[in-house]
Amino acid sequence: MKHSVLLLLTTVMLGCQPVAFGPGLQDFSAPLPHGYFIHRTSAHQIIVAPQQWSPDTPIIPTKVVELDHDDQFIIAKQQLLERRSPNNPNDTYEQPKPDAFQYWILDMQTPKVYGPFTEEEFDIERSGLAVPTELQLHDVYDYRP
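Conventions we followed
- Residues numbered from 1 in each chain as written.
- Predicted model: local features only at pLDDT ≥ 70, side-chain atom pairs only at ≥ 80, totals over all residues.
- Heavy atoms only, no water.
- Helix = DSSP H or I, 4+ residues; strand = E, 2+ residues; numbered from the N terminus.
- Contact = heavy atoms within 4.5 Å.
- Areas by Shrake-Rupley, 256 points an atom, 1.4 Å probe, with all protein chains shown as cover.
- Pairing = 2+ DSSP bridges.
- Phe/Tyr/Trp six-rings, centres within 6.5 Å; stacked < 30°, edge-to-face > 60°.
- Lys NZ or Arg CZ within 6 Å of the ring centre and 35° of its normal.
- Axes fitted to C-alpha atoms, helices over the stretch in contact; angles between N-to-C directions.
- Core = buried A, V, L, I, M, F, W, Y, C linked by side-chain atoms within 4.5 Å.
- Buried < 20%, exposed > 50% of the residue type's maximum accessible area, 1.4 Å probe, protein only.
- Polar contact = N/O pair within 3.5 Å; in protein donor to acceptor, adjacent residues only side chain to side chain.

(A) Up close: the overall build of the protein. Counting its secondary structure elements, the protein contains two helices and eight strands. Relative to all contacts within the protein whose residues are 6 or more apart in sequence, the contacts with residues 24 or more apart total 44%. Here the protein displays about 9,300 Å² of accessible surface, and carbon together with sulfur accounts for 56% of that area.

Now the structure itself:
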């Protein structure tokens, strides 16, 4: 009987405590200029897009891992995703593809998105669009509120 009461009391007390794991705790939206945001909805779903957007809206697709911006441009590094189990139609989970990256430039004033690029193509396009050299890619989590 004592064990039953102790077990019940422990269960109730643990149920009232904040949980330090689970989906959504690391999710965030961080504002960028011109109505754009970094939207993190899961570990591998991180995009740059406005709050409301359509298929025609220029965005930087998932998984954004690094970026920087000024009042006109957002530059971003995207890690490509691949199916965890490509031969299993019931498992559609996507995970990061090791060492597979693309680069993007978003002109927020136009708005227009350029990419995807290899790193070399990115450097050429960046120069052609006169994206300031002061913009340097850094971890997307630096923007977490």
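(B) Spatial organisation of the sheet that holds strand β6 (residues 94-107). With antiparallel pairing, the five strands of this open sheet are ordered in space as β7-β6-β5-β4-β8. Each of the sheet's edge strands pairs with one partner strand only, and the pair in question is β7 (112-117) and β8 (138-139). Where strand β4 (residues 64-69) and β8 come together, two bridges link them in antiparallel fashion. Looking at β8, one finds that Leu-67 is bridged to His-138.

(C) Molecular detail of the packing of aromatic side chains. Under the counting rule described, the total for this entry stands at two aromatic pairs. Across the ring face of Phe-101, the terminal group of Lys-77 is positioned such that the distance to the ring centre comes to 4.3 Å.

(D) Expanded view of the sheet that holds strand β3 (residues 45-50). Strand order in the open sheet made by the three strands is β1-β2-β3, with antiparallel pairing throughout. The open sheet has two free edges, formed respectively by β1 (28-31) and β3, since each of these has just one partner strand. Sheet twist, expressed as the mean angle between neighbouring strand axes with direction ignored, is 20 degrees. Pairing analysis gives six bridges linking strand β2 (residues 36-42) to β3, with the strands arranged antiparallel. Each residue of the ladder has a partner; that of Phe-37, found in β3, is Ala-49.

(E) Quick peek at the nonpolar core. Grouped together as the largest cluster of nonpolar side chains are 17 residues, with contacts concentrated most on Leu-32, Ile-38, Val-48, Ile-60, Val-64, Leu-67 and Ile-74. In contact with Leu-32, other than residues within four places in its own chain, are Phe-37, Ile-38, Val-48, Leu-67, His-69, Ile-74 and Tyr-143.

(F) Representation of the environment of Gln-45 in the model. By secondary structure assignment, the location of Gln-45 is in strand β3. With residues near it in sequence (within four places) discarded, Gln-45 still touches His-39, Arg-40, Thr-62 and Leu-81.

(G) Representation of the pairing of β7. Across four bridges, the pairing between β6 and β7 is antiparallel. For Asp-107, the partnering residue across the bridge sits in β7 and is Lys-112. Connecting β6 to the antiparallel partner β7 that follows it, the hairpin turn spans four residues.

(H) Quick look at the environment of Phe-37. Residue position: Phe-37 is located in strand β2. Sequence separation of Phe-37 and Val-48 is eleven residues, and the distance between their C-alpha atoms is 5.6 Å. Phe-37 has contacts with Ser-29, Ala-30, Pro-31, Leu-32, Ile-47, Val-48, Ala-49, Pro-50 and Gln-51, leaving out every residue within four places of it along the chain.

(I) Representation of the side chain of Gln-79. With respect to the helices and strands, Gln-79 occurs in strand β5 (residues 73-83). Judged by its relative accessible area of 12%, Gln-79 falls in the buried class. Only 3.3 Å separates the side chain of Gln-79 from the backbone oxygen of Lys-97, close enough to count as a polar contact. With residues near it in sequence (within four places) discarded, Gln-79 still touches Thr-62, Lys-63, Val-65, Pro-96, Lys-97, Pro-98, Asp-99, Ala-100 and Phe-101.

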